[in-house]
Amino acid sequence: MSDWALNLRAGMARAYARTVGATREPSWVVFDVLLPLLGVAAYIYYYRALGASPAFEGFVVLGGAMTAFWLNVLWGMAAQLYWEREVGNLQLFMVAPMSRMALLAGMALGGLFTSAVRALSTLVLGTLIFQVHMSVEDPLALAAVFSLTMLAVYGMGMVLSSLFLMYGRDAWNISNLMQEPVYLVSGFYFPVRELGLGVSALATLIPVTLGLDAMRQLLFGAASQGLLPVWLEASMLAVQAAAFFLLARFSLDRMEQRGRREGRLTLRWQ
Amino acid sequence: MAPAIEVRSLSRVFSGRGNTLALDNVDLTVEEGELFGLLGPNGAGKTTLIKILCTLLLPSSGTASVLGHDVDADAKQIRKRINMVSGGEISGYGLLTIRENLWMFTQFYGVPGKVARERIDSLLEAFGLQDKADAKLRTVSTGQRQKMNIIRGFATDPELIFLDEPTLGLDVSTSIAIRNYLREWVRERSGRTMLLTTHYMREAEELCDRVAIIDRGRIVAVDTPAGLKRRVGSGSSFLIETTPFDPEPMRSLPGMRGMTARPADGHMNIRMVLDDESVIADVISSIVSSGARVIGLSKNEPTLEDAFMHLVGRGLE
């Protein structure tokens, strides 16, 4: 069997496990649909109280939807190898001949199911409840930007997961650091340009910044105060996706070898 | 034909608060088709050796090759052809059924779907687990879970399987069922090799073609179970039943090779291996001078436990 076929089987099997597992304990749907809406509502009422442009309410709904994917990358993917070690699965994954990237891709694909439910519900319910107006004039461009954003963001998640493989609880702090602060610097609920050119430029190193900015431009036009032209942001996302995947491959190999040397692939509670 | 496992001058040091030498200059050869046992107490280095051979750990020095491939340089080639099962292992996902968990693990080895399903069904039947095949993993007992783990190891049809204490903590009937399967697996499939670690003497004696006794990271002896027992010599293995007392000082008696003492029903059962039977007089004097009374004394044919005591100087427990 070719490596390609092996990795495809492995990735699909891991995605199946996560998807089927989610359907067997459906209580998460209630929390993943209702709780994000509360956060979105808070920002919307805040903007309304300030008399901000109605487009800002749309930014909040879009940002709230994208939060689902960002959280999945941080906690459902990056931290996943740490959890697998804690529950005793990691050493079985490591003894298997599949590529570690195939395993992570499977986790990502499976995680996309729950994230997509959360994101779609936030988008649809948020739009209906708060009467948000979006116009999708170029659906292909929107789909392309969204896809590139997913690739780049999940590629970044693979790099982070290699850190979790090695550093365990210490990597936890990195994930925490990348949760709330990234909502701010990536402009989840407002145009990132408002942070000034320097901070915005630095924030573009995080793919979700570029993805959100490009999607805002495609959905809300001039009101979105875009940072860069959409085509440029899409190109940068494509480069980031490729770079993160290459970096993830290198980093996973290196961290695995280091884990073998230091005995960290099998030890729990680190 | 290359050996299934070849280990030369292998050492492994764990860094931490002071270095711990887990394996100390180990040499070992396991031939293809062997059911080979590693027998030693907890902390002897058995699991460390298995983890190196399974490519989960790197040696600190020395070399190890598995199925002709170096564990450091060719890990991927090794992984395609081996599998590993640990006793007391907690693996899989509780929300998936036993069958789904097994299927998932076969896919990590690229086993085609139809082959995987047939193999899983056949193994579930062999282990008497077919009734629980569609039960969620989190709902089954420890023994059933361990059976699933063992099926997971065999479902990928490995050329070489590593079993680390596979019957640890299991009830007698489950342990017997597992041992029967392990014995048949090696006998009925030409060229398949099994490396089994255990601290159950009986398991090693019943199953293994050859046994390596490992203690404090060193291989003390490698032989067939019968060969190891022959090293003890006949007429020097005794079981003494006494009233309770502290037998530890007897370890330093001249001619005492090894000893285990276990309390039982208000008495003390002391199993010992002596240089020769003349030493028994000193042993009895020592017991009496300690204020204890000898209730029973028997001379036994040497067991693997006696062989272990003879070589290591103490029992496994």
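Computed from a prediction, not measured in an experiment: that's the story for all the values here. (Residues numbered from 1 in each chain as written. Chains lettered and ligands numbered in written order. Predicted model: local features only at pLDDT ≥ 70, side-chain atom pairs only at ≥ 80, totals over all residues.)

Turning our attention to the overall build of chain A. Helix and strand content of chain A: 12 helices and zero strands. Counted from the first residue to the last, chain A has its helices and strands arranged as α-α-α-α-α-α-α-α-α-α-α-α. In terms of overall dimensions, chain A is globule-like: its C-alpha atoms have a radius of gyration of 19 Å, near the 18 Å expected for 270 residues. Here the C-alpha coordinates of chain A stretch approximately 60 × 40 × 35 Å along the principal axes. (Helix = DSSP H or I, 4+ residues; strand = E, 2+ residues; numbered from the N terminus. Rg over C-alpha atoms; globule rule 2.2 N^0.38 Å.)

This brings us to the interface of chain B and chain A. Taken together, the contact between chain B and chain A spans 24 residues of the former and 27 residues of the latter. Contributions of two or more residues to the side of chain B that touches chain A are made by α2 (75–79) and α3 (98–107) of chain B. Its residues placed into classes, the side of chain B that touches chain A shows 14 nonpolar, four polar and six charged. (Contact = placed C-beta atoms within 7 Å. Nonpolar A, V, L, I, M, F, W, Y, C, P; charged D, E, K, R; others polar.)

Once that is clear, we can look at helix α6 (residues 100–129) of chain A. Residue and element names in this part refer to chain A. Here α6 is 30 residues long and its end C-alpha atoms lie 42 Å apart, about the 44 Å a rise of 1.5 Å per residue gives. In the structure, α6 departs most strongly from a straight axis at F113, where the bend amounts to approximately 30°. Backbone geometry just after α6 places Q131 at a positive phi near 55°. (Expected span 1.5 Å × (residues − 1). Bend = angle between axes of the 7 residues up to and from the residue.)

All names here are of chain B. A large share of strand β9 (residues 210–215) lies buried, amounting to five of its six residues. With four bridges joining them, strand β3 (residues 35–39) and β9 adopt parallel strand pairing. The residue of β9 that forms the bridge with L39 is I213. Sheet topology note: the β9/strand β10 (residues 218–223) ladder contains five bridges and is antiparallel. From the neighbouring strand, I213 faces β10, where its bridge partner is A221. Between the end of β9 and the start of β10, which pair antiparallel, lie two residues, with R216 showing a positive phi angle near 50°. (Buried ≥ 20, exposed ≤ 12 C-beta atoms within 10 Å, placed from the backbone. Pairing = 2+ DSSP bridges.)

In this structure, A:Q225 takes a positive phi of about 50° despite not being glycine. What makes A:Q225 partly exposed here is the crowd of 17 C-beta atoms within 10 Å. In this structure, B:T55 takes a positive phi of about 75° despite not being glycine. Its location among the elements puts B:T55 in the loop between α1 (46–53) and β4 (61–66).

Residue and element names in this part refer to chain B. Reading across the sheet, the four strands line up as β12-β13-β11-β14 and stay open at both edges, with antiparallel pairing between neighbours. Both outer strands of the open sheet, β12 (256–264) and β14 (294–300), are each paired with one neighbouring strand and no more. When strand polarity is set aside, the average angle formed by the axes of neighbouring strands in this sheet is 15°. Along the sheet, helix α10 (residues 304–312) contacts β11 (237–242), β12 and β13 (267–274); its crossing angle with β12, the most-contacted strand, is approximately 130°. (Axes fitted to C-alpha atoms, helices over the stretch in contact; angles between N-to-C directions.)

With that settled, consider the domain arrangement of chain B. Interface size, as often reported, equals the accessible area lost upon joining of the parts. Assigned domains within chain B: domain 1 (5–227) and domain 2 (234–301). Computed from C-alpha atoms alone, the centre-to-centre distance between domain 1 of chain B and domain 2 of chain B is 37 Å. (Domains from an automatic or database assignment.)

The axes of two packed helices give the description: the angle between them and the distance between them. Residue and element names in this part refer to chain A. For the pair helix α11 (residues 207–220) and helix α12 (residues 230–262), the least separation of the axes is 9 Å and the interaxial angle reads 150°. One element, α11, and the other, α12, form an angle in the roughly antiparallel class. Crossing handedness for the pair α11 and α12: left-handed. The segment α11 lies against α12, with P207, L210, G211, D213, A214, Q217 and L218 engaging V230, E233, A234, M236, L237 and Q240. Of the residues in the contact of α11 with α12, the class split is eight nonpolar, three polar and two charged. (Parallel < 35°, antiparallel > 145°, perpendicular 65-115°, else oblique. Left-handed = near helix turned anticlockwise from the far one by under 90°.)

Further remarks concern the confidence of the model for chain B. Residue and element names in this part refer to chain B. Summary statistics for chain B give a mean pLDDT of 90 and a share of 98% for residues scoring 70 or more. The least confident element of chain B is α10, whose mean pLDDT is 84; the most confident is β4, at 97. Across the interface, the model reports ipTM at 0.88; the global pTM reads 0.87. (pLDDT = per-residue confidence, 0-100.)

Turning next to the confidence of the model for chain A. When the pLDDT values of chain A are averaged, the result is 90; 97% of them are 70 or greater. Here helix α8 (residues 169–177) of chain A stands out as the element of chain A with the lowest mean pLDDT, 76, in contrast to α11(A), whose mean of 96 is the highest.

Residues and elements named next belong to chain B. Counting through the fold element by element, V13 comes out in strand β1 (residues 5–14). For V13, a count of 16 C-beta atoms within 10 Å corresponds to the partly exposed category. If sequence neighbours within four positions are ignored, V13 has contacts with N19, T20, L21 and S60.

Further remarks concern the pairing of β13(B). Every other side chain in a regular strand lies on the same face of the sheet, so the side chains alternate between the two faces. Residues and elements named next belong to chain B. In this structure, β11 lies alongside β13, joined through six bridges in antiparallel fashion. Counterpart to E241 in the pairing with β13 is N269. Summarising the sheet, β12 and β13 pair through eight bridges and their orientation is antiparallel. Bridge assignment links R262 to a residue of β13, and that residue is N269.

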